[in-house]
Amino acid sequence: MSTLQIDPASPLHGGKTRECAHCGASFHPREEDDLFCCHGCRHVHDAIQDRGLGQFYDFREKNAHLPQKEKPFQTGDDTWLQDAIEEAVDASTDRDRPVKLTCSITGVSCLGCLWLIESLFMERDGAHRVEVSQDTASATFQWWPERLDLAEFATELAGFGYRLVPRDESGEKPESRSLAFRLGLCGAFALNTMAFILPRYLGMPSDFEFAALIELVALVSATLSALVGGSYFFERAWKSWQRGHLHMDTPISLGILAAYAGSVYGWATDHANLMYFDFVSVFVFLMLGGRWVQTVALEKARRRTSREAPISPTMEKADGTSVPLDRLHPGDKVLLKSGQILPVASQLLDTTGQFSLAWISGEANPHTFSQGTRLPSGAENLSRSPVRLRVAESWSGSVARELMASPESVDESDKSGWRRVLPVYLAVVICVALLGAAAWMAAGAGMAKGLQVMVSVFVVSCPCALGVALPFLDRQLGNLAQGLGVFVRRRRFWSRLRRVKRLIFDKTGTLTMDHPRPADRSALESLSEAEWSALYQLTAGSLHPVSRTLFAETVKYFSGQAPENSGENAVEEVAGKGSLWTSGEHEWSLGKPGWRAEEGDAGFSHHALSCELRRNGKLVQRFEFKEQIRPQTIEALARLPKHLAPPVILSGDVSRKVHAMAERLGFRTDHAIGDLTPDEKAATLKKFHGETALFVGDGANDSLAGQAALLCGAPFADRATLDSRADFLFTSDGLGFLPRLFELGEMRTNRVMRIFAFAAAYNVATIGVSLAGWMNPLLAAVLMPVSSVLSLLLARTPSAREEVSATAPEISSGQSCCDCQKEPQPL
């Protein structure tokens, strides 16, 4: 197999990285003075500074923002917003009070976002008040409609990267909010329990006048702790039991129930050594605290990576009315707007139309369809204007619905390791407790003493340290991962990462950049001011991959500001050919080689992906493009752990391109498979032992494969496509984070082993004390927080500089990607 010779300075090796001046994401600058990872970040940064709102960067949290990419330049469907505004105005009966509207909002990630949105809104005449919630990703606006156009403000807000979207009517509240409520109550109950159990520890006689009342208050407080906080763990343990396996919440629930039942019995029979009321309350509080810390971190990552749904929940019918997708019927005539994704298979009624099938096949090249052609669900309208369609299937039978659907249940726990040990652990604890109680009663100590031993064994064997230390450890690792541009979105990620045996990649948009890159930048550098202006007009608003690349270049040239000479006419788009724009006496065209050419000009180009800019039919410049591999790809693959099997490429793109990519990267050709449908991709992944694979894809066509893999990751894109499956999203333009991510996984394994070793030693010692009959509620109350603090110290992770390689190995000129080889070898 041929190997790839790569210039060490090539983006394949990565070179030096830099943090974006707006979002803070790591990127590989093309030029020495390049401060932004994308033209979207440059545009938003300049807009913020131009409005005198640079204070935003003082409020911005580190690693809080995501690359803007093309979000500020996208035009969304605001039909729902116009309807919502009209409803809000009609519902307002008091004209002396401002109108109020609540909707969801995307792009909010930190305090700086809240300040910026409020500042932009309150600058406008007619604005009264705005409340933006980061927790619920919602915004409530109050304004006087006769003085302020909220739809116009929404358009301006989109230019800063924040988009208003329909309110989530599911009614589901964040889990962290419920946990916080329980945690607050249980904290009060724990303080109350400890305060009223303290007199007994200090020697309060049982015949004291208020002794019964004091113990009754402790009982009530512990009962409320068990009901309010313990029920969270009881419910989860019961659901896992119904599914046929044990969850870590099972021993937590067992400890709470045993301690509470023993305490009630001790209270009723006046046996002080059985009264673990304070243990119940404090234990519940600590376990809820650990779970809350972990849940908040995951929800924060999900909110930061939340985006507008790729498929609109409604479609516009030919008569102008909007209809929900579940009410579409075969034969309905609908309009698919520019940039919208077709939710159901339909027949094209217009003469021609240009569509992208990347959502389905992963192939980025656009396709031109003629009248009467059946379009598959998932096709994206690349035309500037809406196209007319006749619906051919219902939403319930749509492939796009299947690809977008979230899994019915997502198992957030590890299916090995702790789960395999848990049944044995519980069996041993129960047997030891019962045998210890039986031995003491057989020795004539009585039932009360036997129950004391049994309850104390259950109490001290509760996973106090694990319930606090492991969530704390995962929270720290999540923060370190964010420093690499990786947002962990599921609780199961870290426990499963150590089980990964192979990496499987999609090709287009995953191993490659999301847009093609100019093959020769001198073609752009030679353009005049007027030619740049024409290019801006011809590409602005176009969804064609080549036009989007050229538009990014024009935005950079004009520093995010539209050129003054915008011409008199709108851009006319000819499906499958290109775009026309007239300014004064000149007709400008951008399209396929030879289109609109003067007579005798063939417009030939040997590049498969190319276009021509012409003025009055005369060639101005020919632009050729290439598919660019993500930076640091070769380097990242060379530094992966040695135990991983050879990587695999599974793609919906044509096999010829997939094999060419495999040869460039040094993959085995039999490990690079193309022309796969979503179903075939998932089936092929299983043949490569997908149950132990980390799959990295970028589109809805990868969702079934992502579900079949052990773990699934995706690059952060402008539209949410793989969010329902992805365990993590990455924002960096390169793949250099992959080996570092495995280093973090190894760090977690080492920390977990330390914590488990400590927990095992602690349990052996305390169970021994319990079996000897020496354990009592006061000693248990002291040992529990001490063991938790020690576990937290063992779980503490040093800085990334101390444990994780801050940079990839330097590769000097003339040296290959591996010091021991003259040239890169197949992996």
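Keep in mind that this is a model prediction, so the values were computed, not measured.

**Describing a nonpolar patch on the surface**
Turning to step 1, where the next piece is worked out: Together, Phe208, Phe210, Leu213, Leu216, Val220, Leu224, Leu227 and Trp267 line one region of the surface with nonpolar side chains, adding up to about 710 Å² of accessible area.
Turning to step 2, where the next piece is worked out: Secondary-structure assignment places phenylalanine 210 in the loop between α6 (175-201) and α7 (211-242).

**Remarks on the pattern of salt bridges**
Turning to step 1, where the next piece is worked out: Under the counting rule described, the total for this entry stands at 27 salt bridges.
Turning to step 2, where the next piece is worked out: Close ionic contact of arginine 388 with aspartate 350 constitutes a salt bridge, the shortest N to O distance being 2.9 Å. Highlighted residues: arginine 388 in strand β15 (residues 387-391) and aspartate 350 in the loop between β10 (346-348) and β11 (352-356), separated in sequence by 38 residues.
Turning to step 3, where the next piece is worked out: You can call arginine 388 partly exposed: its relative accessible area is 42%.
Turning to step 4, where the next piece is worked out: Looking at aspartate 350, the relative accessible area reads 16%, which means it is buried.
Turning to step 5, where the next piece is worked out: Overlapping salt bridges bring together Arg51, Glu123, Arg124, Glu152 and Glu156 as one network.

**Observations regarding a negative patch on the surface**
Turning to step 1, where the next piece is worked out: Among the surface-exposed residues, Asp83, Glu86, Glu87 and Asp90 lie close enough to one another that they form a single negatively charged patch.
Turning to step 2, where the next piece is worked out: By secondary structure assignment, the location of glutamate 87 is in helix α3 (residues 79-91).
Turning to step 3, where the next piece is worked out: Take glutamate 87: its relative accessible area is 57%, and that puts it in the exposed class.

**Focus: the packing of aromatic side chains**
Turning to step 1, where the next piece is worked out: Under the defined criterion, the tally for this structure stands at 18 aromatic pairs.
Turning to step 2, where the next piece is worked out: Both rings, one in phenylalanine 758 and one in tyrosine 762, keep their centres 6.3 Å apart while their planes meet at 25°; by these two values the pair is stacked. One end of the pair, phenylalanine 758, and the other, tyrosine 762, are both in helix α23 (residues 737-771), 4 residues apart, so they sit about a helical turn from each other. In terms of burial, phenylalanine 758 and tyrosine 762 fall into one category: buried.
Turning to step 3, where the next piece is worked out: The rings of Phe493, Trp494, Phe728, Phe730 and Phe737 are connected pair by pair, giving a single aromatic cluster.
Turning to step 4, where the next piece is worked out: For lysine 449, the ring lying beneath its charged end belongs to tryptophan 440, and the centroid distance is 5.2 Å.

**So, the sheet that holds strand β6 (residues 163-165)**
Turning to step 1, where the next piece is worked out: With antiparallel pairing, the 4 strands of this open sheet are ordered in space as β4-β5-β3-β6. With one partner strand each, in any of the chains shown, β4 (127-133) and β6 form the two edges of the open sheet. Along the sheet, successive strands turn relative to each other by an average axial angle of 35°, direction set aside.
Turning to step 2, where the next piece is worked out: For strand β3 (residues 99-106) and β6, the ladder comprises 3 bridges, and the chain directions are antiparallel. The residue of β6 that forms the bridge with threonine 106 is arginine 163.
Turning to step 3, where the next piece is worked out: Where α3 meets the sheet, it contacts β3, β5 (138-143) and β6, and its direction lies at approximately 155° from that of β3.
Turning to step 4, where the next piece is worked out: With respect to the sheet, helix α4 (residues 111-122) is in contact with β3, β4 and β5, its orientation differing from that of β4 by roughly 165°.

**Details of empty space enclosed by the protein**
Turning to step 1, where the next piece is worked out: Taken as a whole, this structure holds 4 cavities of 30 Å³ or more when the rule is applied.
Turning to step 2, where the next piece is worked out: For the largest cavity, the lining is made up of 11 residues, of which His65, Leu66, Gln68, Lys71 and Gly107 are closest to its centre.
Turning to step 3, where the next piece is worked out: The residue inventory of the lining of the largest cavity, partitioned by class, reads 3 nonpolar, 6 polar and 2 charged.
Turning to step 4, where the next piece is worked out: In terms of lining, the second largest cavity is formed by Pro251, Leu254, Gly255, Tyr425, Leu426, Val429, Phe458, Ser461 and Cys462.
Turning to step 5, where the next piece is worked out: Elements supplying a minimum of two residues to the lining of the second largest cavity: α8 (249-269) and α12 (418-442).

Calculation criteria
- Think of each chain on its own: its residues are numbered from 1, step by step along the sequence as written.
- Given that this is a predicted model, residues contribute local features only at a pLDDT of at least 70 and side-chain atom pairs are listed and counted only at 80 or more, while totals for whole chains, interfaces and linings are drawn from all residues.
- Only hydrogens and water are set aside; all other atoms, that is, all heavy atoms of the structure, feed into the side-chain values.
- To count toward a patch, a residue needs a relative accessible area over 30% and no salt bridge; like charges are then connected within 9 Å, while nonpolar side chains (Val, Leu, Ile, Met, Phe, Trp, Tyr) are connected within 5 Å.
- Values of accessible area rely on a 1.4 Å probe in the Shrake-Rupley scheme; residue burial ignores everything except the protein chains shown.
- In what follows, salt bridge is the name for a side-chain nitrogen of Lys or Arg lying within 4 Å of a carboxyl oxygen of Asp or Glu.
- By the criteria applied, helices consist of DSSP H or I runs no shorter than four residues and strands consist of E runs no shorter than two, each listed in order from the N terminus.
- Relative accessibility thresholds used throughout: buried, under 20% of the residue-type maximum; exposed, over 50%; partly exposed, between the two (1.4 Å probe, protein chains only).
- Charge assignment: positive for Lys and Arg, negative for Asp and Glu; neither His nor the chain ends contribute.
- One atom stands in for each charge, and that atom is NZ of Lys, CZ of Arg, CG of Asp or CD of Glu.
- Note on aromatic pairs: the rings of Phe, Tyr and Trp (six-membered ring only in Trp) are paired at centre separations within 6.5 Å, and the planes decide the class, stacked below 30 degrees, edge-to-face beyond 60, tilted for the rest.
- In our convention, an over-ring charge means Lys NZ or Arg CZ found within 6 Å of a ring centre and within 35 degrees of that ring's normal.
- Strand pairing requires that DSSP identify at least two bridges connecting the strands.
- As a rule, the C-alpha atoms of each element are fitted with a line to give its axis, helices using only the stretch in contact, and angles between N-to-C directions run from 0 to 180 degrees.
- By definition in these notes, contact holds between two residues if any of their heavy atoms fall within 4.5 Å.
- Any residue with an atom within 4 Å of a point lines the site, the site being either a cavity, points on a 1 Å grid over the protein atoms alone where a 1.4 Å probe fits but cannot get out, or a pocket, an open set with protein on both sides within 12 Å along at least 5 of 7 lines.
- Grid points are joined across faces, edges and corners, and a volume is the space filled by probe spheres set on the points.
- Note on residue categories: nonpolar means Ala, Val, Leu, Ile, Met, Phe, Trp, Tyr, Cys or Pro, charged means Asp, Glu, Lys or Arg, and polar means any other residue, Gly included.

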